[in-house]
Amino acid sequence: MMYSNPVISGFHPDPSICRVGNDYYLVTSSFEYFPGIPLFHSIDLVNWKQIGHVLTRKSQLPLTRQHSFTTSQGIYAPTIRYHNGRFYVITTNITIRKSFYVWADNPKGPWSEPIFIEGLLGYDPSLFFDDDGTVYLTAASFPGFKPEGIIQTEIDIETGELKSETQLIWEGTGGSSPEGPHLYKINDWYYLLIAEGGTEYGHMVTIARSKSPYGPFESNPNNPILSNRSSSKPIQATGHADLIQTEEGSWWAVFLGFRPVKSTKTHHLGRETNLATVEWSEEGWPTIGNNGVAEVENKVPTLPIGIPEKWIEKEDFFGKTLAPVWNFYRNPSENSWSLIERTGYLSLKGQSCTLNDTESPAFIGRRQQHFNCEVSTLLEFTPNEDGEEAGLTVFMNEKYHYEIAKIQRLGKSYLIFRRTVGSIQIIEAEVEYNAPSVILGIKATDTDFTFTYSSINREANVIGVGETALLSTQIASGFTGLYFALYATGNGKASTAPAFFDYFEYKPK
C-alpha cells in the first residue's frame with residue numbers, strides 16, 4: 001500500500017497529534033484566521049477529516065491588532081494532548097502576546113475558556129504528563145532570551161499556575177531558532193524533539209535525550225533526524241514534527257513542509273502537514289522518513305489505509321452554519337455576514353474597512369489546497385452608492401492579494417480586476433457591467449491565476465492574469481498560505497447594499 005504527502009494539503013503548518021484508542025486527532029496553526037486551530041480526525045493517519053475548530057468564540061481568540069511587529073499574528077504552533085479522559089490544546093496568541101490552554105472532554109467541543117499562563121517567557125508551548133502526575137510545560141525561549149533554546153517548567157494543569165522556576169534545558173544543535181519542542185518518555189528515556197534552522201529551506205528536526213526531564217540532554221549524534229535541506233525533493237522546509245505511536249506499536253511523525261513551484265522556487269500554498277514512518281536504532285535513536293528525508297510517495301508497512309474523504313466541490317450555502325473549511329479574516333463583525341438573510345445564499349455586507357486594512361473585512365474564505373484548480377461563484381449584487389464593492393479574491397495578506405469584483409463608480413457599475421502587491425495597487429482592467437448577476441471565476445496553475453467573468457449560461461471572458469509568485473511567502477512574507485475568499489466592502493463607509501453569493505465551487509484539476 002502507498003500514500004502521498006502532504007496528507008493535509010494547503011496552509012496547515014505546525015501539526016500536533018494525539019491518539020485515543022484507534023482514533024487520531026491533529027491540530028495546526030491558524031494565525032489570524034477565525035475560528036482558530038483547525039481540528040482533524042483520522043483512523044489511519046493518512047486520511048484526515050476536519051471535524052471543527054478548537055477556538056470558536058471571540059473570548060477564546062481575540063484578534064484585534066495591537067501591534068504590527070509581524071505580518072502573521074494570532075495562533076502559533078498549538079500542541080494537542082490527551083490525559084485522563086480530557087483533551088488539552090496549548091498555544092500562543094501572538095496578537096495579545098499570551099500563551100494559554102483550553103480543554104474539552106469531547107474533541108468536538110465545547111472547549112473551555114482560555115487558561116492563561118502568567119510568567120512564561122516563551123512560545124510554542126507543549127505539555128507532557130509524566131507517570132508521577134507531574135505536568136511539564138516546555139517552550140521555545142522568546143527572542144532576546146540568552147542563551148537561546150528550549151525552556152521548561154512545571155505547571156498546575158487545573159489553574160495554569162507555574163510550580164517551578166523556568167530552566168533552560170537544551171540549546172539545540174546550533175541551528176537558528178530552536179523551537180516547537182515536544183517532550184516524550186520512551187523506554188525510561190526522556191526525549192526532547194525540536195525544530196531548528198528557521199521555517200524555510202534550512203528547516204530540520206533534531207532530538208536529544210536524558211534520564212531526567214530537566215537534562216542534561218544528550219544530542220543524537222546523527223542529528224538532524226529529518227531534513228530535506230540542500231536537496232531537490234518536491235517537499236522542502238521539513239520540520240516542526242510531533243511523534244505518535246499506534247496501538248499496534250509502530251511509530252510515525254507528522255511534520256510541516258512546503259512544495260515550491262519548480263520554475264520560480266517560491267511557494268504560495270503554505271506549509272502543509274506531512275506524514276512519515278519513524279524507525280528506531282539499536283542505540284535507541286529515531287529516524288524519520290527515508291533515512292531522514294521526506295518523500296512524496298511512501299510505502300505503508302503497517303497501517304490499514306481507509307477510504308479518503310470525498311472532496312466536496314460545491315458549497316450551496318443552504319446550511320445554518322458554515323462548513324469547517326471556511327474562515328473569517330480576524331474576528332468578524334456580527335452584521336457583516338448571514339446565511340439566513342436569504343435562503344440558499346451567503347450574504348455579505350461590506351464594512352468600511354477593505355482587504356488592505358488591519359481590521360476585519362466582510363470576508364469568508366477557504367484555503368487553496370491544489371496548484372491546479374478552478375473556483376467560481378455566482379454573485380448577485382446591485383450597489384447603491386459609489387465605492388460599494390463585492391467579489392472574489394486570492395488573498396495572502398492585506399498587502400498582497402488579487403481580486404475580481406463588481407464596484408460602483410460615478411453612478412455606474414463595473415467589473416474590475418485589481419492587483420495589490422506591496423505598496424503598488426492597480427486596477428488593470430475594467431468592464432462596464434449593469435446586470436445584477438455575474439459568475440466570477442479563477443483558474444489556477446502553479447504559476448498563474450486567470451480571472452474570468454460571465455453571464456449565466458454564457459462563455460467566460462478573461463479579465464486579467466496574476467502571477468502566483470507575487471503572492472508567495474518569499475515576496476509577501478508571513479507564515480500563511482493563499483485563500484480563495486468571497487468579500488464585500490464599502491471602501492471607507494459601510495455598504496447599504498448586501499452582496500449575495502449563491503454558491504462557491506472549487507474543482508481540483
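Everything below is about the structure shown above.
Below, the structure is looked at part by part. (Residues numbered from 1 in each chain as written. Predicted model: local features only at pLDDT ≥ 70, side-chain atom pairs only at ≥ 80, totals over all residues. Heavy atoms only, no water.)

1. With respect to the overall build of the protein chain
A count of helical and extended segments in the protein chain gives one helix and 38 strands. The principal-axis extents of the C-alpha atoms in the protein chain amount to approximately 75 × 45 × 40 Å. A total accessible area of about 20200 Å² is found for the protein chain, and carbon and sulfur atoms account for 49% of it. The distance from the centre of the 41 positive side-chain charges to the centre of the 57 negative ones in the protein chain is 5 Å. (Helix = DSSP H or I, 4+ residues; strand = E, 2+ residues; numbered from the N terminus. Areas by Shrake-Rupley, 256 points an atom, 1.4 Å probe, with all protein chains shown as cover. Lys, Arg positive; Asp, Glu negative; His and termini not counted. Charge placed at Lys NZ, Arg CZ, Asp CG, Glu CD.)

2. A word on the side chain of Gln369
Mapping Gln369 onto the fold places it in the loop between β28 (362–367) and β29 (373–380). Exposure remark for Gln369: the relative accessible area of 12% places this residue in the buried category. A distance of 3.4 Å separates polar atoms of two side chains, one belonging to Gln369 and the other to Arg366. Excluding residues that lie within four positions of it along the chain, Gln369 makes contacts with Ser9, Gly10, His12, Arg259, Leu269, Trp311 and Tyr506. (Buried < 20%, exposed > 50% of the residue type's maximum accessible area, 1.4 Å probe, protein only. Polar contact = N/O pair within 3.5 Å; in protein donor to acceptor, adjacent residues only side chain to side chain. Contact = heavy atoms within 4.5 Å.)

3. Concerning the pairing of strand β33 (residues 424–432)
As defined by bridge partners, strand β32 (residues 412–421) adjoins β33 across eight bridges and the pair is classed as antiparallel. Counted as the bridge partner of Arg419 is Ile426 from β33. Two successive antiparallel strands, β32 and β33, enclose a turn made up of two residues, where Gly422 displays a positive phi of approximately 65°. (Pairing = 2+ DSSP bridges.)

4. Side note on the sheet that holds strand β8 (residues 86–93)
Sheet strands pair by backbone hydrogen bonding; their relative direction is either parallel or antiparallel. Read across the open sheet, the four strands follow the order β7-β8-β9-β10; overall the sheet is antiparallel. Lying at the two open borders of the sheet, with one neighbouring strand each, are β7 (75–83) and β10 (115–116). Pairing geometry for strand β9 (residues 98–104) and β10, over two bridges, is antiparallel. Following the sheet pairing, Phe100 is matched in β10 by Phe116.

5. Some thoughts on unusual backbone geometry
A cis geometry characterises the amide bond from Asn5 onward to Pro6, with omega recorded as 0°. Looking at the element boundaries, Pro6 is found in the loop between β1 (2–4) and β2 (16–20). In this model, Gly215 is joined to Pro216 through a cis peptide bond whose omega is 10°. In this structure, Pro216 sits in the loop between β17 (204–210) and β18 (218–219). Its identity as a non-glycine residue notwithstanding, Ser477 has a phi of 60°, on the positive side.

6. Describing the nonpolar core
Residues Val54, Phe317, Phe449, Phe451, Phe484, Phe501 and Phe504 are the most contacted members of the largest nonpolar core, which totals 60 residues. Those residues in contact with Phe484 that lie beyond four places of it in its chain are Ile364, Gly365, Arg366, Gln368, Cys373, Val375, Thr393, Val394, Ile442, Phe449, Phe504 and Tyr506. Grouped together as the second largest cluster of nonpolar side chains are 18 residues, Tyr191, Leu193, Leu226 and Ala253 included. (Core = buried A, V, L, I, M, F, W, Y, C linked by side-chain atoms within 4.5 Å.)

7. Considerations on the pattern of salt bridges
What the rule picks out here adds up to 22 salt bridges. Arg418 serves as the salt-bridge partner of Glu389, at 2.3 Å between the closest nitrogen and oxygen. Of the two residues, Glu389 is situated in strand β30 (residues 389–397) and Arg418 in strand β32; the sequence distance between them amounts to 29 residues. Side by side, Glu389 and Arg418 carry an identical accessibility label, which is buried. Each member of the salt-bridge network shares a partner with another, and the members are Glu32, Arg65, Arg330 and Glu398. (Salt bridge = Lys/Arg side-chain N within 4 Å of Asp/Glu carboxyl O.)

8. Some words on the pairing of strand β15 (residues 179–186)
For β15, a buried count of seven out of eight residues is recorded, marking the element as mostly surrounded by other parts of the structure. Where β15 meets strand β16 (residues 189–196), six bridges bridge the pair, whose relative direction is antiparallel. What sits directly across from His182, in β16, is Leu193. Hairpin connection, β15 to β16: the antiparallel pair is bridged by two residues, and Asn187 has positive phi, about 55°.

9. A look at the environment of Val102
One can find Val102 in strand β9. Taking the relative accessible area as the measure of exposure, Val102 reaches 0% and is therefore buried. Placed 93 residues apart in sequence, Val102 and Ala195 show a C-alpha to C-alpha distance of 24 Å. Non-local contacts of Val102, meaning those with residues more than four positions away in its chain, are made with Val54, Leu55, Phe87, Tyr88, Val89, Trp111, Ser112, Glu113 and Pro114.

10. Digging into the sheet that holds strand β3 (residues 23–27)
On the basis of which strands lie adjacent, the open sheet formed by four strands has the order β2-β3-β5-β6 and antiparallel pairing. Only two strands of the sheet have a single neighbouring strand rather than two, namely β2 and β6 (49–55). The mean inter-strand angle of the sheet, taken between neighbouring strand axes irrespective of direction, is 25°. Examined bridge by bridge, β3 and strand β5 (residues 36–42) share four bridges and lie antiparallel to one another. Residue pairing in the sheet places Tyr25 in a bridge with His41 of β5. (Axes fitted to C-alpha atoms, helices over the stretch in contact; angles between N-to-C directions.)

11. Notes on the environment of Ile235
Among the secondary structure elements, Ile235 is positioned in the loop between β18 and β19 (236–245). Residue classification places Ile235 among the buried positions, given a relative accessible area of 2%. In sequence terms Ile235 and Thr489 are 254 residues apart; their C-alpha atoms lie 37 Å from each other. Beyond its immediate chain neighbours, meaning those up to four positions away, Ile235 contacts Asn5, Asn228, Gly257, Phe258, Arg259, Asn274, Glu295 and Val296.

12. Focus: the side chain of Arg419
Of note, Arg419 is situated in strand β32. A residue is classified by how much of its surface remains accessible, and Arg419, at 14% relative accessible area, is buried. At 2.9 Å, the side chain of Arg419 and the side chain of Glu428 are in polar contact. A polar side-chain atom of Arg419 sits 2.4 Å from a polar atom in the side chain of Glu467. Look past the residues within four positions of Arg419 in its chain and what remains in contact with it is His401, Tyr402, Ile424, Gln425, Ile426, Glu428, Val465, Gly466, Glu467 and Leu470.

13. Points about the environment of Tyr101
Looking at the element boundaries, Tyr101 is found in strand β9. Separated by 45 residues in sequence, Tyr101 and Thr56 have C-alpha atoms that sit 14 Å apart. For Tyr101, the side chain forms a polar contact with the main-chain nitrogen of Gly160, separated by 3.1 Å.

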